[in-house]
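If you want the building blocks of each chain, they are given just below.
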Amino acid sequence: MAHDCPSQPALDSRRRRDAFRTKRMSIASGHREEPSLLGLVVLYSGECELSVRVLLERLDGLFAGQFLPARQAGNFVVEGPARGASFLVQSSVEGFSGTFMVNNVLAPYPSLSSAVRYIGRPTLRRTAEKQTSWMSVDLLRSPQAAGDATRFMAVLVSALAPEQSAVIVNAADYSVSAFTPEVRRLLARGEFPTWDFGPA
């Protein structure tokens, strides 16, 4: 599948610090977690347009016959509050259910200054700082098991992220990873990369 082109509700700083502290304790104990249920953000450079049509086509590629023909109930995509830049996605696909917001913004990620504080590798930090655009898949509501939402966010990011994607950010605690072909393959399986948790 081509990824030539098709971004997050924020926690307050105290909740983010708590999430980060919990994550560091988890790493110290050797336990690996899935991302908290907030969203996944991809940082990239350049321009990449997204539309309801493109989203429906990518979703149909993931879940054949579930989103196309277009419909207004069950599984659907509609324009969000920022026309051309945000989209509401409802999925009732078994194992991938929830309500999500997809954002695609041709501007630097607004929480980048906070996110880079948690990047331990200098080269990855510099790469993140250079990116000029971002896209995200954010969870609004998950009526089923938590794994449903994380799997949906993972596979949709794998299908939507542009080829020039450089960094992926866990919106819950600002943990990050370089966005590589292997990361895309992991996401396509509903799995997640090894996150970088540098000191604040």
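Throughout, a residue's number is its position along its own chain's written sequence, starting from 1. Two thresholds apply to this predicted model, a pLDDT of at least 70 for residue-level local features and 80 or more for giving and counting side-chain atom pairs, whereas whole-chain, interface and lining totals are computed over all residues. Side-chain measures here rest on the full set of heavy atoms in the structure, leaving out hydrogens and waters.

Peer 1: Just to check I follow, could you spell out the overall build of the chain for this structure?
Peer 2: Each helix and strand counted, the chain has six helices and seven strands in total. Order of helices (α) and strands (β) in the chain, N terminus to C terminus: α-β-α-β-β-β-α-α-β-α-β-β-α. Throughout, the Shrake-Rupley method with a 1.4 Å probe supplies accessible areas, and for residues the shown protein chains are the sole cover considered. Summing over all exposed atoms, the chain offers an accessible surface of approximately 9,300 Å²; the carbon and sulfur share of this is 53%. Going along the chain from the N terminus, every DSSP run of H or I of four or more residues is numbered as a helix, and every run of E of two or more is numbered as a strand.

Peer 1: What should I look at first to understand the sheet that holds strand β5 (residues 133–141) in this one?
Peer 2: Note: strands within a sheet are paired through backbone hydrogen bonds, in either parallel or antiparallel orientation. Judged by pairing direction, the sheet is antiparallel, and its seven strands sit side by side in the order β2-β3-β4-β5-β1-β6-β7 without closing on themselves. Unpaired on one side and paired on the other, β2 (76–79) and β7 (176–178) mark the two borders of the sheet. Adjacent strand axes in the sheet meet at a mean angle of 20 degrees, parallel and antiparallel pairs treated alike. What makes two strands pair is DSSP finding at least two bridges between them. Bridging between strand β1 (residues 39–44) and strand β6 (residues 165–170) involves five bridges; their strand directions are antiparallel. Across the sheet, residue Leu 40 finds its bridge partner in β6, namely Asn 170. Contact definition: two residues touch when any of their heavy atoms are within 4.5 Å. In this analysis an axis means a line fitted to C-alpha atoms, helices contributing only their contacting stretch, and an angle means the value between N-to-C directions, from 0 to 180 degrees. Running over the sheet, helix α4 (residues 122–130) touches β1, β6 and β7 and is turned about 100 degrees from β6.

Peer 1: For this particular structure, what's the right way to read the packing of aromatic side chains?
Peer 2: Working definition: rings of Phe, Tyr and Trp (its six-membered ring) pair if their centres are within 6.5 Å, and the pair is stacked with planes under 30 degrees apart, edge-to-face with planes over 60 apart, and tilted otherwise. Scanning the entire structure with this criterion turns up five aromatic pairs. An aromatic cluster of three or more residues is present, and its members are Phe 63, Phe 67, Phe 96, Phe 100 and Phe 152. Definition used: whenever NZ (Lys) or CZ (Arg) falls within 6 Å of the ring centre and also within 35 degrees of the ring normal, the charge is taken to sit over that ring. Positioned above the aromatic ring of Phe 96 is the side chain of Arg 151, whose terminal nitrogen or guanidinium carbon lies 5.9 Å from the ring centre.

Peer 1: Explain the environment of Phe 96 to me, please; I cannot follow it from the model alone.
Peer 2: Along the chain, the position of Phe 96 falls in the loop between β3 (86–91) and β4 (98–105). Considered as a pair, Phe 96 and Ala 154 are 58 residues apart in the sequence and their alpha carbons are 10.0 Å apart. With residues up to four places along the chain from it excluded, the contact list for Phe 96 reads Phe 63, Ser 91, Asp 148, Arg 151, Phe 152 and Val 155.

Peer 1: How do you make sense of the packing of helix α2 (residues 52–62) against helix α5 (residues 146–160) when you look at a structure like this?
Peer 2: For any two helices packed against each other, one specifies the crossing angle of their axes together with the interaxial distance. In contact at an axis separation of 10 Å, α2 and α5 are set at 120 degrees when each is read in the N-to-C sense. As α2 runs across α5, the sense of the crossing is right-handed. Note on element contacts: α5 touches α2 through Phe 152, Val 155, Leu 156, Ala 159 and Leu 160, opposite Leu 55, Arg 58, Leu 59 and Leu 62. For the contact of α2 with α5, a count of residues per class yields eight nonpolar, no polar and one charged. For any helix crossing, the convention is left-handed if the near helix is rotated counterclockwise from the far helix by under a right angle, and right-handed if that rotation is clockwise. Classification used: nonpolar for Ala, Val, Leu, Ile, Met, Phe, Trp, Tyr, Cys and Pro, charged for Asp, Glu, Lys and Arg, polar for all others including Gly.

Peer 1: Explain the confidence of the model for the chain to me, please; I cannot follow it from the model alone.
Peer 2: Detailed reading of the predicted coordinates is not advisable wherever pLDDT falls low. Confidence along the chain averages 81 in pLDDT terms, with 78% of residues attaining 70 or more. Contacts of residues 7–36 to residues separated by more than four positions or lying in other chains number 60 contacts, the stretch itself having pLDDT below 50. pLDDT expresses, on a scale from 0 to 100, how confident the predictor is about each individual residue.

Peer 1: Quick question: what am I supposed to make of the nonpolar core here?
Peer 2: Here is a general trend for soluble globular proteins: nonpolar side chains tend to be buried in one another's company. Judged by nonpolar contacts, the single largest core of 35 residues is most densely connected at Leu 55, Val 89, Val 102, Val 157, Ile 168 and Leu 187. Looking at this core, the elements that each hand over two or more residues are β1, α2, β3, β4, β5, α5 and α6 (181–188). Looking at which element gives the most residues to this core, the answer is α5, with eight residues. Among all residues touching Leu 187, those that are not within four sequence positions of it are Leu 40, Ala 154, Val 155, Val 157, Ser 158, Ile 168, Phe 179 and Phe 192. Among the nonpolar cores identified, the runner-up in size contains 19 residues, and Val 41, Ile 119, Trp 134 and Ala 171 belong to it. The criterion is simple. A nonpolar core is a set of buried Ala, Val, Leu, Ile, Met, Phe, Trp, Tyr and Cys residues joined through side-chain atoms within 4.5 Å. Throughout this description, buried means an accessible area under 20% of the type-specific maximum (1.4 Å probe, protein chains only), exposed means over 50%, and partly exposed covers the range between.

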